[in-house]
Amino acid sequence: MVGYSAAVIRRQQFLIRCLGGNNSVNKNLHNSSLRMIPLGSGAGGLTLESDVINILRSITPSLGPARHKGQAGKIAVVGGCREYTGAPYFSAISALKIGADLSHVFCTKDAAPVIKGYSPELIVHPILEESDSVRDEFKRSTLAKVIAEIDKWMERFDCLVVGPGLGRDPFLLDCVSEIMKHARESKVPIVVDGDGLFLVTNCLDLVRDYHLAVLTPNINEYKRLVQKVLNCEVNDQEGTQQLLSLAKGLGGVTILRKGESDYISNGEEVSAVNIFGSPRRCGGQGDILSGSVAVFLSWARQCAAEGGWSPSPTILGCISGSAILRKAASLAFVNKRRSTLTSDIIECLGQR
Ligand SMILES: NC(=O)C1=CN([C@@H]2O[C@H](COP(=O)(O)OP(=O)(O)OC[C@H]3O[C@@H](n4cnc5c(N)ncnc54)[C@H](OP(=O)(O)O)[C@@H]3O)[C@@H](O)[C@H]2O)[C@@H](O)CC1
Ligand SMILES: Nc1ncnc2c1ncn2[C@@H]1O[C@H](COP(=O)(O)OP(=O)(O)OP(=O)(O)O)[C@@H](O)[C@H]1O
Ligand SMILES: [Mg+2]
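This one's a predicted model, so the numbers in the text were calculated from it and none came from an experiment. (Residues numbered from 1 in each chain as written. Chains lettered and ligands numbered in written order. Predicted model: local features only at pLDDT ≥ 70, side-chain atom pairs only at ≥ 80, totals over all residues. Heavy atoms only, no water.)

Comments concerning the pairing of strand 6 (residues 159–162)
Of the two faces of strand 6, the one holding Cys159 and Val161 and the one holding Leu160 and Val162 are both buried throughout. Direction of pairing for strand 3 (residues 74–78) relative to strand 6: parallel, over a ladder of four bridges. Pairing of alanine 76 across the sheet is with leucine 160, part of strand 6. The pairing of strand 6 with strand 7 (residues 190–192) spans three bridges and is parallel. Counterpart to leucine 160 in the pairing with strand 7 is isoleucine 190. Once you follow strand 6 into helix 6 (residues 170–185) and on to strand 7, the crossover reads as right-handed. (Buried < 20%, exposed > 50% of the residue type's maximum accessible area, 1.4 Å probe, protein only. Helix = DSSP H or I, 4+ residues; strand = E, 2+ residues; numbered from the N terminus. Pairing = 2+ DSSP bridges. Right-handed = clockwise from strand over helix to strand, strands pointing away.)

Looking at the UniProt feature "binding site: (6S)-NADPHX" (unreviewed entry) in the protein chain
According to UniProt, the feature "binding site: (6S)-NADPHX" (unreviewed entry) maps to Gly165, Asn218, Ile219, Asn220, Glu221, Tyr222, Lys223, Arg224 and Asp287 in the numbering used here. Tracing the chain through its elements places asparagine 218 in the loop between strand 8 (213–215) and helix 8 (219–230). With relative accessibility at 29%, the residue asparagine 218 sits in the partly exposed group. Reaching out from asparagine 218, the side chain makes a polar contact with the backbone nitrogen of asparagine 220 at a distance of 3.1 Å. With respect to the element layout, arginine 224 can be found in helix 8. The partly exposed category is assigned to arginine 224, whose relative accessible area is 32%. (UniProt positions renumbered as here; feature names shortened; annotations may be inferred. Polar contact = N/O pair within 3.5 Å; in protein donor to acceptor, adjacent residues only side chain to side chain.)

Some thoughts on helix 10 (residues 285–307)
Between the first and last C-alpha of helix 10 there are 33 Å, a value that for 23 residues agrees with the 33 Å anticipated at 1.5 Å per step. Taken across its 23 residues, helix 10 has 18 buried, putting it largely inside the fold. (Expected span 1.5 Å × (residues − 1).)

Here we look at the confidence of the model for the protein chain
The predicted model of the protein chain averages 88 in pLDDT, with 85% of residues at 70 or higher. Looking across the protein chain, the model is least confident in strand 2 (residues 48–50), with a mean pLDDT of 39, and most confident in strand 7, with 99. Ignoring residues within four places in sequence, the model shows residues 20–35, a span with pLDDT below 50, making 42 contacts including any to other chains. Ignoring residues within four places in sequence, the model shows residues 37–49, a span with pLDDT below 50, making 35 contacts including any to other chains. (pLDDT = per-residue confidence, 0-100. Contact = heavy atoms within 4.5 Å.)

Notes on the pairing of strand 5 (residues 123–128)
Bridge analysis of strand 4 (residues 102–108) against strand 5 gives five bridges, and the strand direction is parallel. Looking at strand 5, one finds that phenylalanine 106 is bridged to histidine 125.

As for the nonpolar core
Residues Ile75, Leu122 and Val191 are the most contacted members of the largest nonpolar core, which totals 55 residues. With 11 residues, helix 11 (residues 313–336) is the single largest residue contributor to this core. Leave out the neighbours within four places in its chain, and valine 191 touches Cys159, Leu160, Val161, Val162, Val214, Thr216, Ser290, Val293, Ala294 and Leu297. The next biggest cluster of nonpolar side chains, apart from the first, holds 47 residues, and it includes Ile127, Ile150, Leu197 and Ala247. (Core = buried A, V, L, I, M, F, W, Y, C linked by side-chain atoms within 4.5 Å.)

Let's talk about the environment of alanine 332
Residue placement: alanine 332 occurs in helix 11. Separated by 16 residues in the primary sequence, alanine 332 and cysteine 348 have C-alpha atoms spaced 6.2 Å apart.

Considerations on the site of ligand 1
Near ligand 1 lie 15 residues; those nearest to it are Gly165, Asp195, Asn220, Arg224 and Asp287. Backbone polar atom of alanine 87 to an oxygen atom of ligand 1: 3.1 Å apart, as the coordinates give it. Arginine 168 has a polar side-chain atom sitting 3.1 Å from an oxygen atom of ligand 1. In isolation ligand 1 exposes 870 Å². Once the protein is present, 56% of that is buried. Elements represented by at least two residues in the shell around ligand 1 include exactly helix 3 (86–98) and helix 8. Ranked by residue count, the leading element in the shell around ligand 1 is helix 3, at three residues. (Near = heavy atom within 4 Å. Areas by Shrake-Rupley, 256 points an atom, 1.4 Å probe, with all protein chains shown as cover.)

Some remarks on the site of ligand 2
Not every one of the 14 residues close to ligand 2 is listed here, only the nearest: Lys258, Asp262, Gly284, Gly286 and Arg326. In the environment of ligand 2, an oxygen atom lies 2.8 Å from a nitrogen or oxygen atom belonging to the backbone of glycine 284. One nitrogen or oxygen atom from the side chain of arginine 326 is found 2.8 Å from an oxygen atom belonging to ligand 2. Every element with two or more residues in the shell around ligand 2 is listed here: helix 10 and helix 11. Per-element accounting of the shell around ligand 2 gives the leading share, four residues, to helix 10. Here the shell around ligand 2 is composed, by residue class, of two nonpolar, six polar and six charged. (Nonpolar A, V, L, I, M, F, W, Y, C, P; charged D, E, K, R; others polar.)

A look at the side chain of serine 292
Here serine 292 lies in helix 10. Look past the residues within four positions of serine 292 in its chain and what remains in contact with it is Ser94, Ile98, Gly321 and Ile324.

With respect to the packing of aromatic side chains
The full count for this structure, using the stated rule, is five aromatic pairs. Judged by centre distance (5.4 Å) and plane angle (90°), the ring pair of phenylalanine 296 and tryptophan 299 falls under edge-to-face. Placement of the pair is phenylalanine 296 and tryptophan 299 together in helix 10, with a separation of three residues, close to one helical turn. Assigned by exposure class, phenylalanine 296 and tryptophan 299 land together as buried. (Phe/Tyr/Trp six-rings, centres within 6.5 Å; stacked < 30°, edge-to-face > 60°.)

Some details on the environment of arginine 224
Expressed as a C-alpha distance, the spacing of arginine 224 and valine 234, which sit 10 residues apart in the sequence, is 9.1 Å. Leaving out residues up to four positions away in the same chain, arginine 224 has contacts with Arg168 and Thr201.

Pasting the structure below:
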């Protein structure tokens with residue numbers, strides 16, 4: 001027990017150093033895979049170099065005979081409709097591959113058999129309905145049924161991923177809004193991606209002031225968020241400051257802006273992960289990222305709970321998720337070059 005506590009303390013001291021909790025500021029930017037950009041400075045200002053892989057290792061729980069199923073994380077993906085079955089599968093299977101114990105998918109009835117067919121590892125709940133499959137007079141009772149179904153599970157989840165392959169059907173999005181409200185009430189972290197961001201951009205209160213929310217916008221999704229929240233256009237010259245303002249404008253929500261480098265902010269600081277990834281831009285890499293962030297965020301929260309210390313688990317989750325995806329993408333590209341697909345990248349998750 002004493003040895004265990006010492007290990008936890010060592011891990012936390014390491015994380016404090018990585019996240020700039022001491023005064024050692026390293027100005028050497030060359031070869032850095034992670035840059036912490038302090039508040040008030042531009043992207044070229046004072047920076048603290050750190051080793052993202054060590055951060056990742058620090059929050060990853062050990063494997064051992066004393067641990068039981070579920071302790072390494074139970075993740076739920078809310079997504080999957082008639083058009084998109086790949087995205088929720090990529091997100092949910094990535095969570096398992098990273099090391100979560102259980103991965104659920106809550107999707108529409110017609111998407112469920114397809115997603116189950118991709119993998120027997122996933123627990124698939126066909127509970128969502130699109131507008132044209134529910135008559136108006138049954139919408140209220142259907143919504144109540146959907147919420148009752150997911151509420152049976154909600155408190156057991158360590159993190160929800162909302163949006164991969166969700167689609168934009170109005171009734172379905174109404175149901176998902178309610179799911180998000182219930183997740184907030186239960187203090188379950190929420191990673192919002194894809195069409196979940198379409199929903200949130202049109203109803204910012206779903207995430208506003210929720211410190212356990214992470215938004216993972218791609219270039220289009222980021223543009224829409226900036227327009228809605230800051231009432232202006234994306235300005236890459238002021239990229240760091242704009243990201244800070246966006247996260248602050250949403251009350252401290254964590255935002256992971258995806259691109260050539262991934263930029264992460266909770267309104268207080270900005271981190272950039274620029275480990276070399278892959279030049280292949282096949283669809284689905286953002287879905288891997290959402291599932292990965294969910295797992296690392298859960299582990300970072302666990303790590304904080306064990307030591308009673310919390311240096312933004314959402315930021316740690318984003319840094320780790322981004323790093324592992326980019327590393328896997330680069331490994332997959334070495335073998336598959338231009339024919340690299342998202343499933344090839346998933347095969348490389350966790351490899352060195
Ligand atoms: N294998 C799979 O199953 C994969 C599925 N994926 C899933 O796809 C979904 C969309 O994600 P994405 O990345 O294509 O969104 P993005 O870049 O904003 O859009 C590009 C352009 O398309 C348009 N548009 C999109 N959706 C629309 C809609 N429902 N209805 C109408 N317009 C729509 C959009 O137009 P705009 O919104 O700008 O008007 C923009 O011009 C999301 O659920 C994601 O998870 C991906 O993860 C990849 C792998
Ligand atoms: N130009 C780039 N160079 C290197 N890596 C990139 C580049 N653009 C994106 N990425 C990486 O790919 C990941 C997914 O980003 P992308 O912008 O493709 O998301 P997305 O459009 O949501 O993907 P999806 O197709 O799953 O919806 C990011 O985390 C980032 O690390
Ligand atoms: Mg996406």
